[in-house]
Amino acid sequence: MAKVRVRFAPSPTGDLHIGGARTALFNWLFARKKQGTFVLRIDDTDLERSTSKSLQGILDSLNWLGLDWDEGPLKGGAFGPYYQSERREIYQKEIERLLKNGKAYYCFCSTEELAAARDAAKKEGKSHLYSGRCRNLTAEQCQRFIKEGRKPVVRLRTPKEGLTVVEDLIRGKVSFENNLFDDFILLKSNKWPTYNFASVVDDYQMQISHVIRAEEHLSNTPKQILIARALGYPLPGFAHVPMILAPDRSKLSKRHGAISVEEFRKQGYLPEVMINYLALLGWSPPGEEELFSIEQIIADFSLEQISKTAAIYDLKKLTWMNGHYLRKSSLERIVQLSVPYLQETGYISRKPDETEHKKLKAIINAVRERVRTLAEVVDAVEYFYTDGFTYEEKGVRKVFQKEGVRELLIATKSYLSTLERFDVESVEAAYSQLREKLGVSAGRLIQATRLALTGRTQGPGLFEIMAILGQEKTLQRLERAITYLKEDENK
């Protein structure tokens, strides 16, 4: 196994969680850094919970992130099938080999018997381990039970003394006492393999050189080592990456916000931002930089720089990073990415023509410095597409309720209506002249106009807003504000 071969083996029972995405990323980075192979294998042996919808969601999320696999679904490869549900014959052959050489045995204990044993152990305050009751059944006894219609499981004959040591590439040596393990199940009574058994067989059959996965799987590793030894397999390198915890160091869950890749995509985060952010959840790059291109991350990535301690999920940092990437991306790309969000709200048509696209481009260019996600674009552009906005309460108090504001807006409207040109330069020049004519500060004039035109006290440059709205729309909104102030005076 000289060549690096790593795998990501998700279970298609739900969306791709950011923890799973981080695991996939670390495997992908390691493969790309070492010019190795990244294998995607689908752990779909949970027939009741696995769905085609979840599988498609996982594939879509990996594709969106840019984590292209070299072997697996839709790609094929020399070590398929890449769905565990299609590999049952392979598992069965290895089970038969273990049974033949005495490394495993049939267990006919019923569910009720096992439950009774667990309850008895619980009452005595002890942890339950299978007693090994069927460990020494003869072949004749096994055949008789099978003829009676009993459906056995297959258990591994585990050692009861000594240690099993995991040589972890991140955590160093981690030792487990063998007497802590019972003769655990390899094949269930429905003839489907357990996770540990299928994983060991597949990793060997697919020539996986390194198993890079979440810390929660560390407790499975000694069992997998015992299985590999029983089968006579060489061991891959193991690397268990730290958990991702919420800011309060509790287990990450939906109450902390979005936790799946699809949720982040819908909320308007960019794929390259997710890659950058996920890479920093447990990996410490050299230097103080936090913003990297994918090429930089690949060049700097190593297992030695992965932390042993838990990584803390920080949505504020992710959102800050996304805002930075949005500002650095090309305008045309941000426009294209914003289109679906604006179509959903009805701000733009399903097939925008050249005029509509040109206007949209100008609007996005105006607001892009102030948005942090694509979803925020919808709110940021609202006043460009609707006249029915409300005025901010704080703006009304701080700007509209000042003495003389209505008269100021009347004069502004009258002056702007005389302009023959209505571009940024013309409007800016007009405001300079108007300020001198009225004897007011630029700030007071601009604040009153901004609130009248957008309903807000903050936003892009006012003259840019006015040029996009156009002269007619600008005058209409000034009149609307004038009417609003008159009605307010009459209350």
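To be clear, the structure that these remarks concern was listed above.
Residues numbered from 1 in each chain as written. Predicted model: local features only at pLDDT ≥ 70, side-chain atom pairs only at ≥ 80, totals over all residues. Heavy atoms only, no water.

## Section: the nonpolar core
Counting 109 residues, the largest nonpolar core has F400 and L409 as the members making the most contacts within it. Take this core: its biggest share by element is nine residues, from helix α1 (residues 18-33). Discounting chain neighbours no more than four positions away, the residues touching F400 are Y391, G395, V405, L409, A448, L451, A452, A481, Y484 and L485. Counting 31 residues, the second largest nonpolar core, distinct from the first, contains V154, V174, V200 and L226. (Core = buried A, V, L, I, M, F, W, Y, C linked by side-chain atoms within 4.5 Å. Buried < 20%, exposed > 50% of the residue type's maximum accessible area, 1.4 Å probe, protein only. Helix = DSSP H or I, 4+ residues; strand = E, 2+ residues; numbered from the N terminus. Contact = heavy atoms within 4.5 Å.)

## Regarding the pattern of salt bridges
Scanning all chains against the criterion turns up 27 salt bridges. A salt bridge links R135 to D183; the shortest N-O distance between them is 2.6 Å. Of this pair, R135 sits in the loop between α4 (111-123) and α5 (139-147) while D183 sits in the loop between β6 (172-177) and β7 (185-187), and the two are 48 residues apart along the sequence. On the accessibility criterion, R135 (22% relative accessible area) is partly exposed. Its salt-bridge partner being E148, residue R150 comes within 3.5 Å of it at the nearest N-O pair. Looking at R150, the relative accessible area reads 39%, which means it is partly exposed. (Salt bridge = Lys/Arg side-chain N within 4 Å of Asp/Glu carboxyl O.)

## Some words on helix α18 (residues 424-438)
Given 3.6 residues per turn, any residue in an α-helix points the same way as the ones three and four places further on. Here α18 is 15 residues long and its end C-alpha atoms lie 21 Å apart, about the 21 Å a rise of 1.5 Å per residue gives. Inspection of α18 places S426, V427, A430, Y431 and L434 among the buried residues, and these make up the whole buried set. Looking straight down α18, one finds its buried side chains confined to an arc of 135 degrees; they lie on one side. Across α18 from its buried face, at more than 90 degrees, point the exposed residues E425 and E436. Packing partners of the buried residues in α18 comprise α17 (405-416), α19 (442-454) and α20 (462-469). Positive phi appears at G439, one or two residues downstream of α18, with a value of about 70 degrees. (Expected span 1.5 Å × (residues − 1). Arc of directions from axis to C-beta.)

## Here's the deal with the pairing of strand β2 (residues 37-40)
A regular strand carries its side chains on alternate faces of the sheet. What you see with β2 is no split at all: T37 and V39 on one side and F38 and L40 on the other are buried throughout. Taken together, the four bridges between strand β1 (residues 5-8) and β2 define a ladder with parallel strand orientation. Bridge pairing links V6 to F38 in β2. Where the polypeptide runs from β1 across α1 and back to β2, its parallel neighbour, the crossover connection is right-handed. (Pairing = 2+ DSSP bridges. Right-handed = clockwise from strand over helix to strand, strands pointing away.)

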